[in-house]
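Fold and geometry: a report
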Amino acid sequence: MKRSKKVALMLMVPTTTMMLAGCGEDPAEAVVFSSPEECASLVTSTSADQCYADYRAAQALHPQVAPKYLNKAECENDFGSGQCEAAPQQHASGSFFMPMMMGYMAGQMFNRQGGAMPNPAQQEERTAAGTGGAAGAAANARNGVRTQPLYKSRDDRGTFRTATNTPVARQTGPVTVRPSQVQPRAGQFAQRGGFGAQAAARNSYGG
Amino acid sequence: MKRVDTVERPQWRDYAERVGFQFHTFDGEPYWDETAYYQFTLQQIEDDLETPTEELHGMAMDLVSDIVRDAEKLRQLAIPELFWNHIYNSWTNGEPHLYGRMDLVYDGKGPAKLLELNYDTPTSLFETGFFQWVWLEEKIQRGELPSGADQFNSLQDKLEEAFRSLPLPQPFYFSSVSDNIEDKGTVDYLMDIAQQAGMDARYIAIENIGEHDGQFVDLEGYPIPGIFKLYPWEFMVREDFGKTIRTSNTQWLEPSWKMLLSNKGILPLLWQKYPDHPNLLPAFFEDTTQALTKGWVRKPLFSREGANVELITEQGENISADGPYSDGRYIRQALCPLPTFRDNHRHTDSYTMIGSWVVGDSAAGIAIREDSTLITKDSSRFLPHIIVD
């Protein structure tokens, strides 16, 4: 046979199940830890390896998402004396400063790689049945919580907060959050629109 | 190889729209056309199309090794010098490539002739891999085609296998120009297959890609580790973010060395390296002091969908297609006219071209396009095909 054994579409077929609006957002489970050692000592359902992997993921995000200040004094004004460090980003007269990471929030198991990996076992995959049949699709569930660093402000040392200042917990352990409210953002430095100009000028590109 | 009239499936347009094939009709003219199909023998497919496709692909890949080390050839292809290193590194590091399509002249006998390689941003993928496949399955179910009818079309299987096996970082992004529904349809199809292969696939419009600190970032500001872009390399290297390509760690599909093969200058370079190869047409870089003569075609180095192609037939008829690519250099290629087949539905003759897909390094199926002129364009109709012995 010179052709594919099957052809299937999972995502291209819109169904009502994909109409997930923000107001209908489901709360999601996450876990707050102050350190990977604490995670490894408390958690029975995940491995110590996972604890360290989550910690490293949060650490990697930290310099991208942490709030940035032009100097150390301004940073310490919000986060407390000795609680700030130099950020890798530079401005014209030196480094930006950012608060130190005080803990991290681990997302759900199926969602550990950064936010959008659906569990293949939960995906309903149907072979396209053509004009006579129903072509199906599975909802692309992207409602997970991204593993991320947490911070503590100067005037509220008891509360873990996200980089965008959303309080998530007063102690370590499981928490229930709205994923959209804890979605970390790092875009404040990015330039956009550097690709696409020639397409706009020529109006012809594919081939 | 013959063209056979057949009846259209009732409600195929509704079905097309349900599965995301919004561009089945363009400006009121049919794009997907199932009033007829092409029929091949297995020998025609295997000996005249599949085998030469893989041979031509291998020849083109061998040529990449030559070009990345040769400043004169890089200049002939108008590759900006700032990107020579990036291309050399992407080739010598073995950065994987996903797919390409070569366009062939073939009439059922004799060697197919290579018209050009679409190795950077080929489209008509969904029509080939999915819609054409479903068409055959349904025609067999309806008893309108013999149950043993086959099709040269392993495109979706091979793409899924490629997404499973290629070393691609996660999450992996897919990008196209935001307001082009044909390109978005192609990217949606690739993302769908990538997700079926277990990848974390995400969409970002090409205009929304961000740059920060020498890295490309997504809409939330996170670095883009890998991205498929349905956007020409020759545009990217000349736009504002071109400089960031050289500093970023982003892995590209297609990789930057593919810009050597999507360039029409590859045709004269192939002819230099493999003169008189049965599947090649004579081709040369243009000497602008020489007027175009009978039996020759003129093509811009950078052009897509037949745009800005001009030719003079043996009878002296001058045929050309308008387009936006008139600002660069050109090559000349000997004219090998597309064969004509009678279209009884429209009472005209159609010029027929065969697009032959390559996934990784394997031939993966064909797409047939028909036009009322010798120059196949983006508006040319797409017809399905079968194999019957």
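Owing to the predicted nature of the structure, the values given are computational and were not obtained by experimental measurement. (Residues numbered from 1 in each chain as written. Chains lettered and ligands numbered in written order. Predicted model: local features only at pLDDT ≥ 70, side-chain atom pairs only at ≥ 80, totals over all residues.)

Next up on the list: the overall build of chain B. On a plain count of helices and strands, chain B comes out with 11 helices and 22 strands. A compact globule built from 389 residues would reach a C-alpha radius of gyration of about 21 Å, and chain B, at 21 Å, matches this within 12%. When the backbone C-alpha atoms are referred to their principal axes, chain B occupies close to 60 × 50 × 35 Å. Within chain B, the proportion of its 389 residues that are buried is 53%. Put simply, 69% of the contacts in chain B that link residues at least 6 apart link residues at least 24 apart. (Helix = DSSP H or I, 4+ residues; strand = E, 2+ residues; numbered from the N terminus. Rg over C-alpha atoms; globule rule 2.2 N^0.38 Å. Buried ≥ 20, exposed ≤ 12 C-beta atoms within 10 Å, placed from the backbone. Contact = placed C-beta atoms within 7 Å.)

Let us look at the pairing of strand S18 (residues 340–343) of chain B. All names here are of chain B. Here S18 shows one buried face, formed by Phe341 and Asp343, and one open face, formed by Thr340 and Arg342. Pairing analysis gives 4 bridges linking S18 to strand S19 (residues 348–359), with the strands arranged antiparallel. Bridge pairing links Thr340 to Tyr351 in S19. Taken together, S18 and the strand that follows it, S19, pair antiparallel across an intervening segment of 4 residues, in which His347 is found at a positive phi of about 55°. (Pairing = 2+ DSSP bridges.)

This part covers the sheet that holds strand S12 (residues 251–253) of chain B. The strands making up a sheet are joined through hydrogen bonds of the backbone, oriented either antiparallel or parallel. All names here are of chain B. The strand order S8-S7-S11-S12 describes an open sheet built from 4 strands, whose pairing is parallel. The open sheet has two free edges, formed respectively by strand S8 (201–203) and S12, since each of these has just one partner strand. Strand-to-strand twist across the sheet, computed as the mean angle between neighbouring axes with direction ignored, equals 25°. Contacts from helix H7 (residues 181–196) reach strand S7 (172–175), S8 and strand S11 (226–229) within the one sheet, and its direction differs from that of S8 by about 160°. (Axes fitted to C-alpha atoms, helices over the stretch in contact; angles between N-to-C directions.)

Residues and elements named next belong to chain B. Taken N-terminus to C-terminus, the directions of helix H5 (residues 125–141) and H7 make an angle of 55°; their axes are 9 Å apart at the nearest point. The pairing of H5 with H7 is recorded here as oblique in orientation. Our pair here, H5 against H7, has a crossing hand that is left-handed. In this structure, H5 contributes Leu125, Phe126 and Phe130 to the contact, and H7 contributes Gly185, Thr186 and Tyr189. When grouped by side-chain class, the residues that make up the contact of H5 with H7 number 4 nonpolar, 2 polar and no charged. (Parallel < 35°, antiparallel > 145°, perpendicular 65-115°, else oblique. Left-handed = near helix turned anticlockwise from the far one by under 90°. Nonpolar A, V, L, I, M, F, W, Y, C, P; charged D, E, K, R; others polar.)

Let's shift gears to helix H4 (residues 84–92) of chain B. An α-helical turn contains 3.6 residues, so any two residues separated by three or four positions project in the same direction. Residue and element names in this part refer to chain B. Buried within H4 are the following residues: His86, Ile87, Ser90 and Trp91. The buried residues of H4 all sit within an arc of 125° when viewed along its axis, so they share a single face. Among the exposed residues of H4, those oriented more than 90 degrees off its buried face are Asn85 and Thr92. Buried residues in H4 make contact with helix H2 (42–67), helix H9 (242–247) and helix H10 (258–261). Positioned one or two residues after H4, Gly94 has a phi angle of 65°, which is positive. (Arc of directions from axis to C-beta.)

Across the sheet, which stays open at both edges, the 3 strands sit in the order S9(A)-S9(B)-S10(B) with antiparallel pairing between neighbours. If you trace the sheet from one side to the other, it starts and ends with strand S9 (191–192) of chain A together with strand S10 (215–217) of chain B, each paired once. Two strands pair when backbone bridges link them, and strand S9 (residues 210–212) of chain B and S10 of chain B are joined in this way by 3 bridges, in the antiparallel orientation. In the sheet register, His212 of chain B faces S10 of chain B, and the bridge partner there is Gln215 of chain B.

All names here are of chain B. Taking 1.5 Å per residue as the helical rise, H2 with its 26 residues ought to reach 38 Å, and the 36 Å between its terminal C-alpha atoms agrees with that figure. Of all bends in H2, the biggest is about 30°, found at Pro52. Of all the positions in H2, only Ile45, Asp48, Leu49, Glu50, Pro52, Thr53, Leu56, His57, Ala60 and Ile67 are classed as buried. (Expected span 1.5 Å × (residues − 1). Bend = angle between axes of the 7 residues up to and from the residue.)

A word on the confidence of the model for chain B. For chain B, per-residue confidence averages 95 on the pLDDT scale, and residues scoring 70 or more make up 100% of the total. For this predicted complex, the interface score ipTM comes out at 0.88, while the overall pTM is 0.77. (pLDDT = per-residue confidence, 0-100.)

Before going further, it helps to examine the interface of chain B and chain A. Contacts between chain B and chain A engage 69 residues on the former and 44 residues on the latter. Listing elements by their share of the side of chain B that touches chain A, those giving two or more residues are helix H1 (12–18), H5, helix H6 (155–165), H7, S9 and helix H8 (233–236) of chain B. At 9 residues, the largest contribution of residues to the side of chain B that touches chain A is made by H7 of chain B. When its residues are assigned to classes, the side of chain B that touches chain A shows 28 nonpolar, 20 polar and 21 charged. Pairing analysis gives 2 bridges linking S9 of chain A to S9 of chain B, with the strands arranged antiparallel. Within S9 of chain B, the residue paired with Gln191 of chain A across the bridge is Glu211 of chain B.

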